[in-house]
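# Structural overview
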Amino acid sequence: MRTSRTWWITLILLSISTVALVAAESSWLSKVPPADRQRVNPYADRPEAIAAGKLLFEENCAKCHGSDAEGRHGRPSLRSERVAHATEGELAWLLRNGSLHKGMPSWSSLPEPERWQLIAFLRSLPRDGPPAALAHH
Amino acid sequence: MAQSPQHLFELQATQKPGRRHKNGSSGPHFHRLLAQFSLCRALALLFLVSLCAAPHTTARAQEPPYFVTYSEALEEPGNLEVAQKGTTGSPKDANAFYSATLELEYGAKAWWTTELYLQGQATANDSTIFTGFRWENRFRVLPTEHAINPVLYIEYEDVNGADKSVLEVTGHDGIANFQGRNAAGRGDISRTMEGKLILSSNPKGWNISENWILEKNMMGGAWEFGYAVGASRPFALAAASRACTFCRQNFSAGAEVYGGLATVHDFGFQDTSQYAGPTAYFNIPHGPTLGFSPQFGLSDNSAGVLWRLTISYEIQQFRDLFSKKEAQ
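Right, let's walk through the structure included here.

## What to know about the nonpolar core
Residues and elements named next belong to chain A. With 30 residues, the main nonpolar core has Ala 52, Leu 91, Leu 118, Ile 119, Ala 120 and Leu 122 as its most contacted residues. Among the elements of the structure, α3 (47-60), α6 (88-97) and α7 (112-124) are those that each provide at least two residues to this core. Considering every element that reaches this core, the biggest residue donor is α3, with 7 residues. For Ile 119, the contacting residues outside a window of four places in its chain are Asn 41, Glu 88, Leu 91 and Ala 92.

Encoded structure:
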């Protein structure tokens, strides 16, 4: 009787662990709700928003993602194909929610307009360009 | 920090022979001095760490300007925040005091922040003493943002009866906590487990946070309750397009209300202390965050006014200082 109960507990724990692992490992892109995916950046292509986004990036993001946004210490590049192909809504969702199990924190404490300014800056970055390219922004 | 030989000589010279303990040990006077130096060391360490960390520091990212209330904001993983939280006041029938708390907050994971507090206080016409330490952990419960975001908080406290930091109010904490002599309070050690349910929302640029506190002294006594509620907003929601120190987005203000809710035997506001006051933070870009708040006692069992000050530095990606991974 005791052995049976132990097996059941082990099975339940394994199931929970598997579900948690799958949830943690799945790409953040697959979690974005359709309504969020369609959102549009109200600050898109505005030079002053890009300039503000650059300052916000330097203040909050550069230490992890590198001052050239190409990633450092194993953290991802923000000039990658994946980021380039993500919609503005998807990036906004990621900034708001983070990807906690992958180490990306939620930036919901930054006001939403500042998060859009950051996205406007990210969108202005050249894809996989040389680090010096950032200096022109 | 090691004291210079000259400094140690001066310390010994200040000890009056008549106050030395009979058995040749330095006695209570020496212990008091030792405690003073522990506090001095802690403060000196704060400034040393701050200076060493200067090239890595930056203001915190829009952390709500609360002194007692916790929001959902956790430390970013790998970052270390070093803060000094000060509380001063001159309560009724008690000497004026200044309580200093050194806070070391580390982002262990994106969903877990751990924090160590070292505390001390100086009271006029009394002494300066180290009052204890606290170790707290905060865990984000849900993986994504919701209208209300819960965070679980668990803390172990080892503080003595002379503690005047008022980092939270629970049970029947009140003005009597400020009125005792340090010598009497320092021997009254309490080891306490504290839990909080932190609920936090961010509607339209505002932050609204509620904390529900449950505390149990492991050395005896009833379960105690408390609460804290805060609301705040940055002065501007969008950032300026040029680098500036005094831009509106670097300032935030709000208000908080907190107090005790007595114990499991007499739950309510009877014989509890309650405080409320405005709060303000100034995030200096690539520099420290400064905070200030006057907090007013709302009940007979409260101190009249507590003045709170804080200065904090965030050392971004502190763990990279020990990492050998190459940049990718």
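Anyway, onward from the coordinates.
## Remarks on the packing of α6(A) against α7(A)
Residue and element names in this part refer to chain A. Direction vectors running N to C along α6 and α7 enclose 130°, while the axes themselves pass 10 Å from each other. The angle between α6 and α7 falls in the class oblique. Considering how the two elements wind past one another, α6 and α7 form a crossing that is right-handed. From α6, Glu 88, Leu 91, Ala 92, Leu 95 and Arg 96 reach across to α7, where they touch Arg 115, Trp 116, Leu 118, Ile 119 and Leu 122. Its residues assigned to classes, the contact of α6 with α7 shows 7 nonpolar, no polar and 3 charged.

## What about α3(A)?
All names here are of chain A. Compared with an ideal rise of 1.5 Å per residue, which puts 14 residues at 20 Å, α3 spans 20 Å between its outermost C-alpha atoms and is within 8% of the ideal. When α3 is considered as a whole, its buried residues turn out to be Ala 49, Ile 50, Ala 51, Ala 52, Gly 53, Lys 54, Leu 55, Leu 56, Phe 57 and Asn 60. In this structure, the buried residues of α3 make contact with α4 (62-65) and α7.

## Observations concerning the packing of α3(A) against α7(A)
All names here are of chain A. Packing of α3 against α7 brings their axes to within 7 Å, and their N-to-C directions diverge by 100°. Between α3 and α7, the angle is such that the two are roughly perpendicular. Together, Ala 49, Ile 50, Ala 52, Gly 53, Lys 54, Leu 56 and Phe 57 of α3 and Glu 114, Gln 117, Leu 118, Ala 120, Phe 121 and Ser 124 of α7 make up the contact between the two elements.

Quick notes on the rules
Residues numbered from 1 in each chain as written. Chains lettered and ligands numbered in written order. Predicted model: local features only at pLDDT ≥ 70, side-chain atom pairs only at ≥ 80, totals over all residues. Core = buried A, V, L, I, M, F, W, Y, C linked by C-beta atoms within 7 Å. Buried ≥ 20, exposed ≤ 12 C-beta atoms within 10 Å, placed from the backbone. Helix = DSSP H or I, 4+ residues; strand = E, 2+ residues; numbered from the N terminus. Contact = placed C-beta atoms within 7 Å. Axes fitted to C-alpha atoms, helices over the stretch in contact; angles between N-to-C directions. Parallel < 35°, antiparallel > 145°, perpendicular 65-115°, else oblique. Left-handed = near helix turned anticlockwise from the far one by under 90°. Nonpolar A, V, L, I, M, F, W, Y, C, P; charged D, E, K, R; others polar. Expected span 1.5 Å × (residues − 1).

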